[in-house]
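Tertiary structure, described
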Amino acid sequence: MSDSPIIPASDAVTVPTPARPEILAPAGDTPSFLAALAAGADAIYLGLKHFSARMQAENFGLTELSRLTDLAHAENARVYVAMNTLIKPDEPAAAYRLTKRLATQVRPDGLIVQDLAILDLARQAGFEGGIFLSTLANLTHPDALVEAKKLGASRVILPRELSIDEIRLMGEACPEGLDLECFVHGALCYCVSGRCYWSSYMGGKSGLRGRCVQPCRRVYRQGGPAAMALVRNAEREEMDRARQEQSRMDIARKDRRGSRDARDRHDDRRDGRYSRNEVAALAHGRGRSGKQGNMRGPGRKEHSGRWFSCLDLSLDVLAKTLLDIPHLVSWKIEGRKKGPHYVYHVVTAYRMLRDNPGDPKARKTAEEILQMALGRPATRARFLPQKDNTVPTTPDGQTSSGLLAGKLRIEQDGSVVLKPHLELLPQDYLRVGVEDERWHATLPVTRRIPKGGSLIMRLPKHKTPKAGTSVFLIDRREPELMRILKSWQARLDQFPGRQSKAVESSPRMPVPVKPRPRPDMYVRSSIPQGKEMRGGKNQLQALWLSPRSADISRTVVQRICWWLPPVVWPGEEEALRRSIARLWRDGARHFVCNEPWQRGLFPDSLDENADLLAGPFCNAANAPALGILAGMGFTGAFVSPELPREEMLALPRQSPLPLGAVLSGFWPVGLSRFGLLGVKTNEPFLSPKGEPFWARQYGGNIWIYPGWPLDLTAKRQEMAAAGYGFFAHMQENPPASLPDMRRESLFNWDGSLL
């Protein structure tokens, strides 16, 4: 293709306003992009082949995107590019080059970003469009908006967990010059965006990198045989440990005198592991102390369900309540992995709802169109908090996307047959079962199948499903839509793409600093007592800040490092601000902020004794992001615990801030504002692979933990040599009924972060 002039967004493009917000459509491929334009979307957001939080989507190359952007601008629509992933230590230069190529070759209207680094790199690259902070950046309370504006953001995308009242509160608190964007439709995650490490902790496929394998969609079980499975796992591990210890004892007897001394050393080396007697006690429902624990034996009925698998958000007719909220200028539709059928129908429906808020006929038509969009069953989640059904899960129901087309039959000859409840068309796309079932598969329909007809499902032998397996229609290419897309493809073909050009420049990187040693922090949720409070020379007691912990005696306030919560909701901000002000007045100066935006809860001018660290939930993983944190007034930072060894060890040499790391303890795999249906807190539950987890409620949030702790203590010396000056130990007390599995996690240390 030859080079062609860039077509800028037309001056005639309608600027979105709270009275007429834009309909923002997703696009994971070219047909979906064209479907969005055909349905009348005002703006389209999409991802590239790199740095996109939906890496499973097809996504776009720059040459193709330049054509699509020109087409959109010619049709008075805007294009936003998602570069909303965590940036690893070795990636800032590549992110800079890609952003510069976007700025010169494509000229999109906005970038959607998660990592603070892109705020800096985009401006260095000459990008002149808007910078939109993603939900992954976790801006959840009013003061966060002020901090975002200070850093140069032009829009903030609000979290899906907010109610209509909280959205209005955020709008009223929003500073001038900053816009807001709100999801109105699409998939929900159980965990708060930017606070989910589940997929990464279990195998290095990070949701913050667009690689989530959705462990929340699986079936989990608790009680009865599930509880006993935990005991059996613990017993097997104890027996293996005992055999290893016996082998070491035999060697010790040969090298040292006295079998009694060897036995004593064996006892000393137990390190808190379970003995066989303790395992037997667990099998009868007792914890380590011998007291009756919460875990029951087989007498208690096992229950299971998709406890964390959410329905789809659909505000539909309630979307009109978002009109005229200050600064709220964008209604966003989730679905970059969806096809053109979904995009066309959902955009059409919400455009009708926006343009005809008082027309009952239009509302009814829009609802009918949404029912045809092939999404999951719908929920309003927490949008109307006064309602009882604010937990958007149905553990015993169907939370897979698509319209149920029928259930499979296994014929006598072994063939797998579907007799659909509805007519199937050529190019329809079907999904067999759900994602965590062995026989899960997707396949196209190649010919018309009438309602009640027979479709032989040709599946690999190893994926032969059981009779009764559900089949879902997940995408449809109806003839009328195909004709529409064909005409839009013809328009697109008139626009020549622009070839990429090499970028010769490099970004300016911040100047690294020397390590600064600090005492180890022992982070607790409850107030330490007695000797725990005194600690040691190289220990600093740390407390999660809450209204209860802030009531601690003034005499010890200065000796504690206060950790702010990883999520602050709008109604919690004022109480948190008062607690900080009181602690500050009483002499507290050591704080760890677990959102960059929490910097705004402290005085603008900090005295020389102030010590504000950026916490591990800030997900800092590269030098430019750390440079922004330094500019905000932070004196040090904990790095993202997701980083693998090579990248973890490389970062201190690049960092403009002294660095620390979480070394040990129970690291949560996720935090959620949604409640629990089916699963009990403070009791172990198992994944389909027998992996134990447990949940605990703190305030209004559910914290989900793995059954085994993070433990990098053996790597401490290596990390200190690389430049880490301080470490944190998460002192969370697991349920008494959770056996000590002796499985230790290095997180991604020995693996990779995809």
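The text that follows walks through the structure, step by step, so that each part is easy to find.

1. Observations concerning the packing of helix α1 (residues 30-39) against helix α13 (residues 479-492)
Here α1 crosses α13 at 100°, and the two axes come no closer than 9 Å. Taken together, α1 and α13 sit at an angle that is classed as roughly perpendicular. Contacts between α1 and α13 involve T30, P31, L34, A35, L37 and A38 on the former and, on the latter, I484, L485, W488, Q489 and L492. The residue inventory of the contact of α1 with α13, partitioned by class, reads nine nonpolar, two polar and no charged.

2. Here we look at the pairing of strand β22 (residues 590-593)
Two strands pair when backbone bridges link them, and strand β21 (residues 561-563) and β22 are joined in this way by two bridges, in the parallel orientation. By the bridge assignment for β22, W562 is matched with F591. One crossover worth recording links β21 to the parallel β22 by way of helix α16 (residues 573-585), and it is right-handed. Two strands pair when backbone bridges link them, and β22 and strand β23 (residues 611-614) are joined in this way by four bridges, in the parallel orientation. From the neighbouring strand, C593 faces β23, where its bridge partner is A614.

3. With respect to the pattern of salt bridges
Working definition: two side chains of opposite charge can pair if their charged atoms are close together. For the structure on display, the rule yields 36 salt bridges. Ionic pairing is found between R673 and E166, a salt bridge with its closest N-O pair at 2.7 Å. Placement of the pair is R673 in the loop between β26 (670-672) and β27 (685-686) and E166 in helix α6 (residues 164-173), with a sequence separation of 507 residues. Across this residue pair, the class does not change: R673 and E166 are buried. Close ionic contact of E423 with R448 constitutes a salt bridge, the shortest N to O distance being 2.5 Å. Placement of the pair is E423 in the loop between β14 (416-418) and β15 (429-432) and R448 in the loop between β16 (441-444) and β17 (455-456), with a sequence separation of 25 residues. With a relative accessible area of 34%, E423 lands in the partly exposed category. Overlapping salt bridges bring together E22, R78, R155, E181 and K332 as one network.

4. A word on α16
Its 13 residues give α16 an end-to-end C-alpha distance of 18 Å, which sits within 8% of 18 Å, the value for a rise of 1.5 Å per residue. Within α16 the residues assigned to the buried category are E573, L576, S579, I580, L583 and W584. In an axial view of α16, the angular spread of the buried residues amounts to 130°, which keeps them on one side of the axis. In α16, the exposed positions angled more than 90 degrees off the buried face are occupied by R578 and R585. Just beyond α16, the residue with positive phi is G587, at close to 105°.

Reading guide: rules and limits
- Residues numbered from 1 in each chain as written.
- Predicted model: local features only at pLDDT ≥ 70, side-chain atom pairs only at ≥ 80, totals over all residues.
- Heavy atoms only, no water.
- Axes fitted to C-alpha atoms, helices over the stretch in contact; angles between N-to-C directions.
- Helix = DSSP H or I, 4+ residues; strand = E, 2+ residues; numbered from the N terminus.
- Parallel < 35°, antiparallel > 145°, perpendicular 65-115°, else oblique.
- Contact = heavy atoms within 4.5 Å.
- Nonpolar A, V, L, I, M, F, W, Y, C, P; charged D, E, K, R; others polar.
- Pairing = 2+ DSSP bridges.
- Right-handed = clockwise from strand over helix to strand, strands pointing away.
- Salt bridge = Lys/Arg side-chain N within 4 Å of Asp/Glu carboxyl O.
- Buried < 20%, exposed > 50% of the residue type's maximum accessible area, 1.4 Å probe, protein only.
- Expected span 1.5 Å × (residues − 1).
- Arc of directions from axis to C-beta.

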